[in-house]
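The residues making up each chain are set out below.
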Amino acid sequence: MQRVPSLINGEFTISPSQQTIAVTDPANNKQIAELPCNSDAELSMAVASAKAAFNSWKEVPASERARVMMRYQQLLKAHHDEIATLLSSETGKTFDDAKGDVWRGIEVVEQAMNIPAMMMGETAENVARGIDTYSYIQPLGVCLGITPFNFPAMIPLWMFPMAVACGNTFILKPSEQDPLTPMKLAELFVEAGAPKGVLNVVHGGKDQVNKLLVDPEIRAVSFVGSVPVGQHIYKTATDNMKRAQCFAGAKNHSVIMPDANKQQVLNNLVGASVGAAGQRCMAISVAVFVGDTKEWIAELAALLKDVQPGLWNDEAAGYGPLISPQAKQRVLSLIQQGKDEGATCLVDGSDFDIEKQDYRDGNWVGPTVFSDVTEDMVIYQQEIFGPVLCCMAVDTLEQAIALVNRNPYGNGTSIFTASGGAARKYQHEIEVGQVGINVPIPVPLPFFSFTGWKNSFYGDLHAYGKQAVRFYTETKTVTARWFEDDIASGPNMTISLK
Ligand code: NAD
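Overview of the structure. Note that the structure is a prediction, hence the values are computed from the model and not measured. Residue numbers run consecutively from 1 along every chain, following the written order of its sequence. Local features in a predicted model are, by the rule used here, given only for residues with pLDDT of at least 70; side-chain atom pairs are given and counted only at 80 or more, and totals for whole chains, interfaces and linings are based on all residues. Side-chain metrics rest on all non-hydrogen atoms present in the structure, leaving aside hydrogens and water.

## Things to note about the layout of surface pockets
Reasoning step 1: Considered as a void within the structure, the largest pocket measures approximately 930 Å³ in volume.
Reasoning step 2: Every residue lining the largest pocket is counted, 38 residues in all, and those nearest its centre are Pro 148, Phe 149, Gly 225, Ser 226 and Val 229.
Reasoning step 3: Secondary structure elements with two or more residues in the lining of the largest pocket: helix H8 (206–213), strand S10 (218–224), helix H9 (227–239) and helix H12 (325–340).
Reasoning step 4: Counting residues per element, the lining of the largest pocket draws most heavily on H9, which supplies five residues.
Reasoning step 5: The residue inventory of the lining of the largest pocket, partitioned by class, reads 19 nonpolar, 14 polar and five charged.
Reasoning step 6: Domains are outlined according to an automatic or database domain assignment. Among the domains, domain 1 (6–248 + 456–478) and domain 2 (252–437) are the pair contributing at least three residues each to the lining of the largest pocket. In this analysis a 1.4 Å probe is tested at points of a 1 Å grid over the protein atoms alone, and where it fits but cannot get out there is a cavity; an open set with protein on both sides within 12 Å along at least five of seven lines is a pocket; lining residues have an atom within 4 Å of a point. Grid points are joined across faces, edges and corners, and a volume is the space filled by probe spheres set on the points. Strands here mean DSSP runs of E at least two residues long; helices mean DSSP runs of H or I at least four residues long; both are numbered from the N terminus. Think of it as three bins: nonpolar holds Ala, Val, Leu, Ile, Met, Phe, Trp, Tyr, Cys and Pro, charged holds Asp, Glu, Lys and Arg, and polar takes everything else, Gly as well.

## Overview of the site of the ligand
Reasoning step 1: The environment of the ligand is made up of 30 residues, and the closest members are Lys 173, Glu 176, Ser 226, Ala 248 and Glu 383.
Reasoning step 2: The term polar contact refers here to a pair of N or O atoms within 3.5 Å; inside protein, the definition further demands a hydrogen-donor-capable atom paired with an acceptor-capable atom, and it admits residues adjacent in sequence only when both atoms are side-chain atoms. Within the backbone of Ala 248, an N or O atom sits 2.7 Å from a nitrogen atom of the ligand.
Reasoning step 3: Between the ligand and Glu 383 there is a distance of 2.5 Å, counted from an oxygen atom to a side-chain nitrogen or oxygen.
Reasoning step 4: Using a 1.4 Å probe, accessible areas were evaluated by the Shrake-Rupley method; residue-level cover was limited to the displayed protein chains. When the ligand sits alone it has 850 Å² of accessible area, and the protein chains cover 87% of it.
Reasoning step 5: Judged by the proximity of its atoms to the pocket grid, the ligand belongs to the largest pocket.
Reasoning step 6: Sorting the residues of the shell around the ligand by element identifies helix H6 (154–165), H8, S10 and H9 as the ones contributing at least two each.
Reasoning step 7: With three residues, H8 is the single largest residue contributor to the shell around the ligand.
Reasoning step 8: Looking at side-chain class alone, the shell around the ligand contains 15 nonpolar, 11 polar and four charged residues. Residues are labelled near a given molecule or strand when at least one of their non-hydrogen atoms is within 4 Å of it. Whether a molecule lies in a cavity or pocket depends on its atoms, and more than half of them have to be within 2 Å of the grid points.

## Here's the deal with empty space enclosed by the protein
Reasoning step 1: Taken as a whole, this structure holds five cavities of 30 Å³ or more when the rule is applied.
Reasoning step 2: In this structure, the largest cavity encloses a volume near 90 Å³.
Reasoning step 3: In terms of lining residues, the largest cavity is bounded by 14 residues, among which Gly 278, Arg 280, Ala 283, Ser 285 and Phe 385 are the most central.
Reasoning step 4: Residues belonging to the lining of the largest cavity are distributed by class as follows: seven nonpolar, five polar and two charged.
Reasoning step 5: In terms of lining residues, the second largest cavity is bounded by Thr 91, Gly 92, Lys 93, Phe 149, Asn 150, Ala 276, Ala 277, Gln 279, Gly 320 and Pro 321.
Reasoning step 6: Its residues placed into classes, the lining of the second largest cavity shows four nonpolar, five polar and one charged.
Reasoning step 7: Two domains each donate at least three residues to the lining of the second largest cavity, and these are domain 1 (6–248 + 456–478) and domain 2 (252–437).

## Brief notes about the sheet that holds strand S22 (residues 473–481)
Reasoning step 1: The antiparallel open sheet is built from three strands, whose spatial order is S5-S6-S22. If you trace the sheet from one side to the other, it starts and ends with strand S5 (123–128) and S22, each paired once. Neighbour-to-neighbour, the strand axes of the sheet open up by a mean angle of 30°, direction not taken into account.
Reasoning step 2: Judged from the nine bridges that link them, strand S6 (residues 131–139) and S22 form a sheet pairing that is antiparallel. Along S22, the bridge assignment pairs Ile 137 with Thr 475. In short, DSSP must find at least two bridges between two strands for them to pair. Note on method: axes are straight lines fitted to C-alpha atoms, helices fitted across the in-contact stretch only, with angles between N-to-C directions ranging 0 to 180 degrees.

## Side note on unusual backbone geometry
Excluding glycine, a negative phi dihedral is what most residues carry, and trans is how most peptide bonds are arranged.
Reasoning step 1: Phi is positive for Asn 29, close to 60°, though the residue is something other than glycine.
Reasoning step 2: Buried means the residue's accessible area, taken with a 1.4 Å probe over protein chains only, is under 20% of the maximum for its type, while exposed means over 50%, and partly exposed covers the values in between. Under the relative-accessibility criterion, Asn 29 is labelled partly exposed at 23%.
Reasoning step 3: Phi angles above zero are rare outside glycine, and Asn 438 is one such case at about 60°.
Reasoning step 4: Residue position: Asn 438 is located in the loop between strand S19 (434–437) and strand S20 (453–454).
Reasoning step 5: The class for Asn 438 is partly exposed, based on a relative accessible area of 31%.

Given below as structure tokens:
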């Protein structure tokens, strides 16, 4: 069985650790690799290596650091299909979806290529007579990234390229459920010219994370994952005097106005709700039908019923399996709870069975649609993270806005309408960090930042874009006074001060 290497101090080494985790193909739950969890000594070596590398990496000019990102972007593009195939093998994502996962990461690397212009400070002349003030942007030191299973290419690439382009060194602890893709990303990063120790990749679960979180050499922590873990990491990192940004769970609503284009709404909601088996932090999990649009629910349910999950290389597959048997069990028990609480289950994917004999043991769940969902139901309150759409009905836009704003999450939302006035009111009043207008999943491109709110984000500065540069750097402000009396005069230095 293939054992997954770590990247420590520039070497891809296989830890002799006896503590291991099975990496499986979620389509049949067969083991495809074994992941050794790093020991405390190995974690300390990774930190020491990142610390030593920082001393020289921070002196490398920003334009040279950008060139590493340029080579990295080329390599990622050249290996795009290969990475996507690997990603599909350990997540079950359809090939197109896997390619999208890698592509959204490549876009962040392209943003990191612009680092010289993004690290310029400010200047002001004559802040007092003869005194000038100017600022520099300087890297922090060793940064840590902890990533979830659902985007094993995109989310690591949200973090280390921006941090490293800023002049930091980085320790990545990827999800233990799909570590093969992040290791391929690391391999190409080294090939692109990242010096020894600039990126380290270590493996494990909560023990490894908790050890790193208290290491005094680590200056900043980026986390993406579930709410309870995000809260724990934010509290522990900040208690240990580190900067932290923690992106957490979500419950994203789409509001459908009576003047919206019906066909566009239905087509968009199908992909946005069950695409990637609903395992996207920006998936639409609640559709809020305003006024008579509740009549569209039956048609939407019929479209969703036709979506077939399937294998990653089956072009007809709408999406793949859930990541693990535990994830499947959780989703099935929430579906059952929805039925028990009195929601109407219009489409029930709980006993979906894939036709292919060899894959019957995979973590399959068919598309599931509930209507008559109310705010007190567990299927509304909890993030399901599965191919399940909850439909709700309200009479007015004001009621829709109030409903979304009462929800404790604030990652993404969208409104479908032909009215500029309705769209303007929604974007202005909604308490959610990322808003789509006739765009179901409004993930910003990396020259903006990924700006979740409320329980979807703990911290101040968000991922990628200008906010990432501020997160991964310090600003140094210099106030300088030079005295004209000191100007030397002599045969070569004669200056007329008149
Ligand atoms: P998770 O919280 O279980 O794991 C995330 C990471 O934390 C993993 O690397 C894991 O090893 C580590 N971890 C797990 N338990 C820990 C503990 N007790 N202490 C310390 N570290 C621990 O999340 P997941 O299941 O991998 O990912 C799915 C979640 O991620 C969903 O809730 C989803 O909404 C969220 N997510 C959010 C965003 C966003 O931008 N807001 C993006 C993607 C995913």
